[in-house]
Amino acid sequence: MALHNGLQLRAAEPGDVDQVAALLEARGDPADAVDMRLVVGDPDEGLTACGVVVDGARVVSTATLLRETVVIEGVQVPTGQVEMVATDPAYEGRGLVRALMDWAHERSRHRADLLQVMIGIPYFYRQFGYAYAMPIPLVRPVVGDGPTADPTVVVRRATPDDIGAMARLQDEAQSCADVRVPHSPACWRWLVARDGSSQLVAERDGHIVATCRITPPDEGVTIAELAGEPSATASLVAHARALGPGAIRVVERPGTAAFEAIRLNLAPLDGPDGIADWFYARVPRLAPLLQHLAPVLVGRLERAGLADRRHEVLLSSWRSHVRFSIGPDGMSEVISGGPEQGPVSKGGSGVPPDAIPALLLGPDGATGLEERLPDCWLGRQRELMSALFPPMTSDVLTFYLAV
Ligand SMILES: CC(C)(COP(=O)(O)OP(=O)(O)OC[C@H]1O[C@@H](n2cnc3c(N)ncnc32)[C@H](O)[C@@H]1OP(=O)(O)O)[C@@H](O)C(=O)NCCC(=O)NCCS
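Residues numbered from 1 in each chain as written. Predicted model: local features only at pLDDT ≥ 70, side-chain atom pairs only at ≥ 80, totals over all residues. Heavy atoms only, no water.

S.K.: Any details on the site of the ligand? Residues and values, ideally.
M.R.: Near the ligand lie 17 residues; those nearest to it are Thr-87, Glu-92, Gly-93, Gly-95 and Arg-98. Residue Arg-98 places a side-chain N or O atom 2.6 Å away from an oxygen atom belonging to the ligand. Protein chains bury 66% of the 900 Å² of accessible surface belonging to the ligand in isolation. The site holding the ligand turns out to be the largest pocket. Mapped by element, the contributors of at least two residues to the shell around the ligand are β4 (75-87) and α3 (96-110). Residues that form the shell around the ligand fall into these classes: eight nonpolar, five polar and four charged. (Near = heavy atom within 4 Å. Polar contact = N/O pair within 3.5 Å; in protein donor to acceptor, adjacent residues only side chain to side chain. Areas by Shrake-Rupley, 256 points an atom, 1.4 Å probe, with all protein chains shown as cover. 1 Å grid on protein atoms, 1.4 Å probe; cavity = no way out; pocket = protein on both sides within 12 Å on 5 of 7 lines; lining within 4 Å. Sits in = over half its atoms within 2 Å of the grid points. Helix = DSSP H or I, 4+ residues; strand = E, 2+ residues; numbered from the N terminus. Nonpolar A, V, L, I, M, F, W, Y, C, P; charged D, E, K, R; others polar.)

S.K.: Go over the layout of surface pockets with me, naming the residues and quoting the values.
M.R.: Within this model, the largest pocket holds a volume of roughly 1400 Å³. Contributing to the lining of the largest pocket are 50 residues, with Asp-32, Glu-83, Gly-120, Ile-121 and Tyr-400 lying nearest its centre. When residues of the lining of the largest pocket are traced back to their parent elements, those giving at least two are α1 (17-27), α2 (30-40), β4, α3 and β14 (278-282). Top element by residues in the lining of the largest pocket is β4. It accounts for six residues. Among the residues making up the lining of the largest pocket, the classes are represented as 26 nonpolar, eleven polar and 13 charged. By volume, the second largest pocket is sized at about 760 Å³. Taken together, 33 residues form the lining of the second largest pocket, with Pro-353, Asp-354, Ala-355, Ile-356 and Pro-357 sitting closest to its centre. Those elements that place two or more of their residues in the lining of the second largest pocket are β6 (131-135), β14, α8 (286-292), β16 (321-327), β18 (335-337), α10 (356-361) and α11 (365-372). When its residues are assigned to classes, the lining of the second largest pocket shows 20 nonpolar, six polar and seven charged. (Points joined across faces, edges and corners; volume = space filled by probe spheres on them.)

If you want it as structure tokens, here you go:
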């Protein structure tokens, strides 16, 4: 695709890889170059996942779209995640990442993704339709000597052969979350191969009983994605402590057995450290996503005791709206339409477009959003909306750690 001043946007080609790696390293860190080579070399992603803007033969901007799955109360939602975004300083501010985000979103739409999620620098991605949707877990320092290691457990770095066991432990840890994002099979391959973080496993009698992911021990280790048997968790923390000097920190995972086992060994957080960052999410089109979530919505209606009759739902995002009906015999087709400025007077609700990701994925639910947003009005459908869109807990695993 031709951009201005002779620049071209296209999928990466083999001859671009070294330049993309160098650009990511220059604008991020050396681990980003390693990660990029893992992604473009993987059969599930490949070179076409990576978009570049070139000036002649020179790569001047890049972004990569990864495949993800967001699971909402058991329903899998095909999702895209944009990562590895960078522009050469000499070409900044010319709309190159805006063009690459359009390219990535079009690619995501083409393969039938219904959602995009990502971690990113503050505010920037809101300009491309993303909104802060799910809190990122807090990171807490280990106090004192930390938990006592279980002598029956051996901790070692994971190999590709351990992926199945690690994925099972992560599935168990995520089972208590309403919204979960597991690592894709490709991501597991990158995680055991990359050096930006390492995977650890704790083994007892040849069986993997716990796992976690750790950052390089340069300035103290951060332990994330802790999962598995409670007593083995202590061994993972003790192992991380032995890797080098500096504070050990643990990413919270409330409600999981592994995290609760060491909770008392962690310092409380106050001030800015106690304020969560958030994952971004983007809902490109609400109607197909709601349609896909019909089994979830019908289940919620039943659990709320509201499935005794049929309900007509009008949900306006002010500049557009959706309508559907839901009741004891299921959910109708979701119809979308244009601006709807008076939903409440018609018995419906208004939720601004930038609150839709939080409505579907976030911890506030419809009523929590109404309390804090001046342009969120639930109207006479309040009870129905709070049943259909309750507060969500989430557990999100991403290629890059949000620490
Ligand atoms: C952040 C970065 C990717 C922006 O690339 P870019 O090609 O200059 O971005 P664009 O020109 O497409 O900017 C798109 C819009 O964002 C605005 N913008 C640019 N940099 C911004 C920033 N850091 N924060 C907020 N907005 C920004 C632009 O003004 C533009 O707005 P407009 O379309 O309304 O005019 C680039 O500065 C970079 O490589 N930074 C270092 C690496 C990095 O932070 N990567 C992102 C990791 S998540």
